Amino acid sequence: MQVDAEALDIGKVRHSTLVDSSGTRYVDFRRSLTPRWGVVWTTLLCGHLALAASAALVVVMTHATGAGWAASALLAVAGGALLGFWLHYLMTYLHEGAHYNLAPGRETSDRLTNAFVGLFVGMNVKAYRKVHFEHHRYLGTTRDPERSYFAPLDLRFLVEGFTGIRLVRALKGYREVVRGKSRPEDGQAGDGSLDGVFLVSALFNCSVIACSLWAGVVVLAAAWAMGQLLFLPLLNIVRQVLEHRSEFADDLADYSVVPHGPVNRLFGDGLFATVFGAAGFNRHLLHHWDPSVSFSRLKDVERFLMDTDVAPLLQRRQTTYFRTWRQLDRI
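Residues numbered from 1 in each chain as written. Predicted model: local features only at pLDDT ≥ 70, side-chain atom pairs only at ≥ 80, totals over all residues. Heavy atoms only, no water.

K.L.:
Can you help me understand the nonpolar core in this one?
P.N.:
Nonpolar side chains tend to gather and get buried jointly when the protein is soluble and globular. One finds Tyr 26, Tyr 93 and Leu 305 to be the most contacted residues of the largest nonpolar core, which totals 73 residues. Considering every element that reaches this core, the biggest residue donor is helix 9 (residues 218-244), with 13 residues. Ignoring anything within four residues of it in the chain, the contact list for Leu 305 reads Leu 18, Leu 286, Trp 289, Val 310, Ala 311 and Leu 314. (Core = buried A, V, L, I, M, F, W, Y, C linked by side-chain atoms within 4.5 Å. Buried < 20%, exposed > 50% of the residue type's maximum accessible area, 1.4 Å probe, protein only. Helix = DSSP H or I, 4+ residues; strand = E, 2+ residues; numbered from the N terminus. Contact = heavy atoms within 4.5 Å.)

Below is the structure:
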């Protein structure tokens, strides 16, 4: 069956209609897309290694630059940005865990996600899953709970992101979704698991700060706190805007009242795209088209689709993070 690529958006294309040039149906090809667990865990653990190496670098630079207040403050901010970048990298794997793709077996995947990701970012994957599945269901509508892309990428947006104002709003919205949609079997209502993950994470992060202070590395303590509370949330909301805000969006429109419309992009395999858009976010369009496919197989999905009638749809959505930033920048 042929697909009219000029008449459709990729989000409206049925899996069952796609056939590549060799006659293979996508629904048959998809059965071969089992996760590459080695890729999943190698890339995740590389994020932990990069985070540890960044913390060590802050310590080394602290001793190298001396104890001047100006140098220490500058190093703390730079270190916070670096640590926040790698914390954001780890946070992308919370998304992968939300789709049960961190390990074979759903319960095992959830436990490993909370241990290797939730510990750092303070969120139970089961709670995040309820919010994120609503995002898939209501992308581009006024009911989308992940709504950073509703706002223009201007100075106010960045200030609110950096100061935590948007984080507070997002957490409030997440809480409403979790409380409204939680089920006892999900471990989200009445068993304390949501608060438990948050509390363990809070203890862990406070311990990192306390140990840094005890060791006399005040700069690392400040950098870790800024990375967690300022840079991680800012990077997360900026990434969401780059993924989902239309280049034709009206900056004066209130998209909590007027539907924005669904938008997704492909950001390619460049070094920055691969790291900033880790765990498959650099191919977010494909993830929204077939959400349960592991990020370790999205490149295979892209190759298949580029050999079908929908190739022009993908080509039109291919871009880079920097190009999209330039299109959306209102600063």
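K.L.:
What am I meant to see in helix 3 (residues 69-98) here?
P.N.:
Side chains three or four residues apart in an α-helix point the same way, a direct result of the helix having 3.6 residues per turn. With 30 residues, helix 3 ought to run about 44 Å at 1.5 Å a step, and its terminal C-alpha atoms sit 43 Å apart, in line with that. Counted residue by residue, helix 3 has 21 buried out of 30 residues, so it is predominantly covered. One or two residues past the end of helix 3 sits Tyr 100, with phi positive at roughly 60°. (Expected span 1.5 Å × (residues − 1).)

K.L.:
Please explain the environment of Asp 110 as it appears in this structure.
P.N.:
Assignment of secondary structure puts Asp 110 in helix 4 (residues 106-121). Along the sequence, Asp 110 and Val 125 sit 15 residues apart, while their C-alpha atoms lie 6.4 Å from each other. Apart from residues lying up to four places away in sequence, Asp 110 is in contact with Gly 97, Tyr 100, Val 125, Lys 126 and Arg 129.

K.L.:
Hey, could you run me through the confidence of the model for the protein in this one?
P.N.:
It should be kept in mind that the predicted coordinates are not to be read in detail where pLDDT is low. Of the residues in the protein, 89% reach a pLDDT of 70 or more, and the chain-wide mean stands at 88. Overall, residues 1-8 carries pLDDT values under 50, and its contacts beyond four positions in sequence, including any with other chains, amount to 17 contacts. Scored below 50 in pLDDT, residues 182-194 makes 20 contacts in the model with residues more than four places away or belonging to other chains. (pLDDT = per-residue confidence, 0-100.)

K.L.:
Just checking my understanding: could you explain unusual backbone geometry for this structure?
P.N.:
Keep in mind that most residues, glycine aside, have a negative phi and that most peptide bonds are trans. Residues other than glycine seldom take positive phi values, yet Tyr 100 does so here, at roughly 60°. Here Tyr 100 lies in the loop between helix 3 and helix 4. A relative accessible area of 21% places Tyr 100 in the partly exposed class. Look at Ala 279: it is not a glycine, yet its phi comes out positive at around 55°.

K.L.:
Whenever I open this one, the side chain of Asn 264 confuses me. Can you help?
P.N.:
Mapping Asn 264 onto the fold places it in the loop between helix 9 and helix 10 (271-276). Judged by its relative accessible area of 13%, Asn 264 is buried. For Asn 264, the side chain forms a polar contact with the side chain of His 244, separated by 3.3 Å. In this view, Asn 264 contacts Leu 139, Glu 243, His 244, His 284, Leu 285, His 288 and Arg 317; residues no more than four positions away in its chain are not counted. (Polar contact = N/O pair within 3.5 Å; in protein donor to acceptor, adjacent residues only side chain to side chain.)

K.L.:
I tried to follow the pattern of salt bridges on my own but got confused; where do I start?
P.N.:
Any two side chains of opposite charge can pair if their charged atoms end up close together. This structure, assessed with the given rule, holds 18 salt bridges. Among the ionic contacts, a cluster of salt bridges with common partners joins Arg 36, Arg 297, Asp 300 and Arg 303. (Salt bridge = Lys/Arg side-chain N within 4 Å of Asp/Glu carboxyl O.)

K.L.:
So what exactly am I meant to see when it comes to helix 4 here?
P.N.:
A maximum bend of about 40° is found in helix 4 at Asn 114. Taken residue by residue, helix 4 has Ser 109, Asp 110, Thr 113, Asn 114, Val 117, Gly 118, Phe 120 and Val 121 as its buried positions. After helix 4 finishes, the residue Gly 122 shows a positive phi value of roughly 75°. (Bend = angle between axes of the 7 residues up to and from the residue.)

K.L.:
How do you make sense of a nonpolar patch on the surface when you look at a structure like this?
P.N.:
On the surface, Leu 155, Val 159 and Ile 331 cluster together into a nonpolar patch covering about 300 Å² of accessible area. Structurally, the position occupied by Val 159 is in helix 6 (residues 155-162). Given a relative accessible area of 44%, Val 159 falls into the partly exposed group. (Patch = residues over 30% accessible without salt bridge, like charges linked within 9 Å, V, L, I, M, F, W, Y side chains within 5 Å. Areas by Shrake-Rupley, 256 points an atom, 1.4 Å probe, with all protein chains shown as cover.)

K.L.:
Explain the layout of surface pockets to me, please; I cannot follow it from the model alone.
P.N.:
Where empty space is left in the structure can be found by rolling a water-sized probe over the atoms. Space inside the second largest pocket adds up to approximately 460 Å³. Every residue lining the second largest pocket is counted, 20 residues in all, and those nearest its centre are Asp 9, Ile 10, Gly 11, Pro 262 and Asn 264. At the level of secondary structure, the elements contributing two or more residues to the lining of the second largest pocket comprise helix 11 (284-289) and helix 13 (311-316). The leading source of residues in the lining of the second largest pocket is helix 11, at 3 residues. Of the residues assigned to the lining of the second largest pocket, the class counts are 9 nonpolar, 6 polar and 5 charged. (1 Å grid on protein atoms, 1.4 Å probe; cavity = no way out; pocket = protein on both sides within 12 Å on 5 of 7 lines; lining within 4 Å. Points joined across faces, edges and corners; volume = space filled by probe spheres on them. Nonpolar A, V, L, I, M, F, W, Y, C, P; charged D, E, K, R; others polar.)

K.L.:
Just to check I follow, could you spell out the packing of helix 3 against helix 5 (residues 125-138) for this structure?
P.N.:
How two helices sit against one another is set out by the angle between their axes and by the gap between those axes. Two elements in contact, helix 3 and helix 5, have axes separated by 9 Å at closest approach and are oriented at 80°. With respect to helix 5, the axis of helix 3 lies roughly perpendicular. Here Leu 94, His 95, Gly 97 and Ala 98 of helix 3 come into contact with helix 5, specifically with Val 125, Tyr 128, Arg 129, His 132, Phe 133 and His 136. In the contact of helix 3 with helix 5, the residues fall into 5 nonpolar, 4 polar and 1 charged. (Axes fitted to C-alpha atoms, helices over the stretch in contact; angles between N-to-C directions. Parallel < 35°, antiparallel > 145°, perpendicular 65-115°, else oblique.)

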